[in-house]
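Structural characterization, general
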Amino acid sequence: ARRIVSSLPGRLVLLGHPVRHSLSPVLQNAALRQAGIPLTYEALDVAPDALAPAVRGLVACRAAGNVTIPHKEAVFALCSHRTALARRVGAVNTFWVDDAGTLVGDNTDVAGFECLARRVLGEIPDGARVAVLGAGGGALAVLTAVSDWPGARVTLCNRGAHRRDALAARHCVVDRTTSRAEEAVRDCTVVINATPIGLHDDAVPVAVSALSPGAAVLDLVYRRGETAWVREARARGHRAGDGLAMLVEQGALAFERWLGRAAPRDAMWSAVGAQP
């Protein structure tokens, strides 16, 4: 990835709306302390109509940071340079300003999702029938990753047909689309929640009873103590994991992009109360 930075960033931030729930400041500040880096990582709640001026201000002070819901595609559009992977995904979750004053966008969500998938699945399976629920920035990273799984085929579920059909046209791995989650998960061996459902309460993206026997559950949402969907799926015998592993790995990779040194992953895992 392009990284021409000779000094520490002026600020480290998370851009999102809302951001109060995020554990990114917890894990990033633990990593900064462990590494002895004199910076603090801040969560900035920025409404969509305030995003462009906020980003201009961050560029002016040579900030770096992460991007979360709902800004990943909007920040992609604001970047002057995007890495090859960010261009492939069409979304940015990691950014920095290089020595030329250029806003650079990257995507570490893809590798973060692969970390989650391997943690739950072990080896990536051949010929997986995958259901992806949602069509936002997280789904873009998931579709990019799953496109490289051998023989995988995806059913993409999203209520909005325009968005759903646009993503299906971009990703040849998608061979079925639907607006109904129960229909999407039928006969699937891997079911991925890329919606925000379950972020703030115990709502589930699809009933566990609708899953095929043996289907694995990957939830990009994370909560302390896991999401209700993951807990219920595991209680019914499914392999399941929430988005904490993805959060930590994408954050560790972002740390390495900003600072040019190995991330203290053990400190990050410890900060969120989990084991690597």
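Placed above this text is the structure.
Conventions used here
Residues numbered from 1 in each chain as written. Predicted model: local features only at pLDDT ≥ 70, side-chain atom pairs only at ≥ 80, totals over all residues. Heavy atoms only, no water. Buried < 20%, exposed > 50% of the residue type's maximum accessible area, 1.4 Å probe, protein only. Helix = DSSP H or I, 4+ residues; strand = E, 2+ residues; numbered from the N terminus. Arc of directions from axis to C-beta. Contact = heavy atoms within 4.5 Å. Pairing = 2+ DSSP bridges. Axes fitted to C-alpha atoms, helices over the stretch in contact; angles between N-to-C directions. Core = buried A, V, L, I, M, F, W, Y, C linked by side-chain atoms within 4.5 Å. 1 Å grid on protein atoms, 1.4 Å probe; cavity = no way out; pocket = protein on both sides within 12 Å on 5 of 7 lines; lining within 4 Å. Points joined across faces, edges and corners; volume = space filled by probe spheres on them. Nonpolar A, V, L, I, M, F, W, Y, C, P; charged D, E, K, R; others polar.

1. Some details on helix α2 (residues 51–60)
Along α2, the residues that are buried comprise Leu 51, Val 55 and Leu 58. Along the axis of α2, the buried residues cluster in a sector spanning 60°; they form a single face. Turned more than 90 degrees from where α2 packs its buried face, Arg 56 and Ala 60 sit exposed. Looking at the buried residues of α2, the elements they touch are β1 (12–16), β2 (41–45), α3 (72–78), β5 (94–97) and β6 (103–106). Arg 62, located one to two residues past α2, shows a positive phi value of around 55°.

2. Section: the sheet that holds strand β7 (residues 129–133)
If you walk across this open sheet you meet the six strands as β9-β8-β7-β10-β11-β12, and the pairing is parallel. The strands lining the two open edges of the sheet, one partner per strand, are β9 (174–178) and β12 (240–241). Relative to strand β8 (residues 153–157), β7 is paired through five bridges, and the arrangement is parallel. Looking across to β8, one finds that Val 130 is bridged to Val 154. Strands in contact with helix α5 (residues 109–121) are β10 (190–193), β11 (216–219) and β12; relative to β11, the strand with the most contacts, it is inclined by about 150°.

3. So, the sheet that holds β6
The sheet built from six strands is open, its strands ordered β2-β1-β3-β5-β6-β4 with mixed pairing. Of all the strands in the sheet, the pair left with one neighbour each is β2 and β4 (81–82). As paired strands, β5 and β6 are joined by four bridges and run antiparallel to one another. Pairing of Val 97 across the sheet is with Leu 103, part of β6. Against the sheet, helix α1 (residues 24–35) makes contact with β1, β2 and β3 (64–67), and its axis sits at roughly 160° relative to β2, the strand it touches most. Across the sheet, α2 touches β1, β2, β5 and β6, and the angle it forms with β1 is around 170°.

4. Some details on the nonpolar core
Within the largest apolar cluster, 63 residues are counted, with the highest numbers of intra-cluster contacts made by Phe 113, Val 130, Val 132, Val 146, Trp 149 and Ile 192. Tallying contributions element by element places helix α10 (residues 244–259) first for this core, with ten residues. Once you skip the residues sitting within four places of it in the chain, Val 130 turns out to touch Val 146, Trp 149, Arg 153, Val 154, Thr 155, Cys 188, Val 190 and Ile 192. Leu 133, Ala 184, Leu 211 and Ala 233 belong to the second largest nonpolar core, which has 17 residues in total.

5. Concerning the environment of Gly 112
Mapped onto the elements of the fold, Gly 112 is located in helix α5. With a relative accessible area of 0%, Gly 112 lands in the buried category.

6. Re the layout of surface pockets
As a volume, the largest pocket reaches approximately 970 Å³. Around the largest pocket, the lining is made up of 42 residues, and of these Ile 69, Ala 194, Thr 195, Pro 196 and Val 221 lie nearest the centre. Elements with a minimum of two residues in the lining of the largest pocket: β3, α3, α6 (137–146) and α10. A total of three residues in the lining of the largest pocket trace back to one element, the largest contributor, which is α10. Looking at side-chain class alone, the lining of the largest pocket contains 19 nonpolar, 18 polar and five charged residues.

7. Re empty space enclosed by the protein
Here the idea is plain: a probe the size of a water molecule rolls over the atoms and shows the empty space left. Going through the model one piece at a time under the given rule, you end up with two cavities of 30 Å³ or more. Estimates place the volume of the second largest cavity at around 40 Å³. What lines the second largest cavity is Leu 15, Val 55, Leu 58, Val 59, Val 75, Phe 95 and Leu 103. The leading source of residues in the lining of the second largest cavity is α2, at three residues. Its residues assigned to classes, the lining of the second largest cavity shows seven nonpolar, no polar and no charged.

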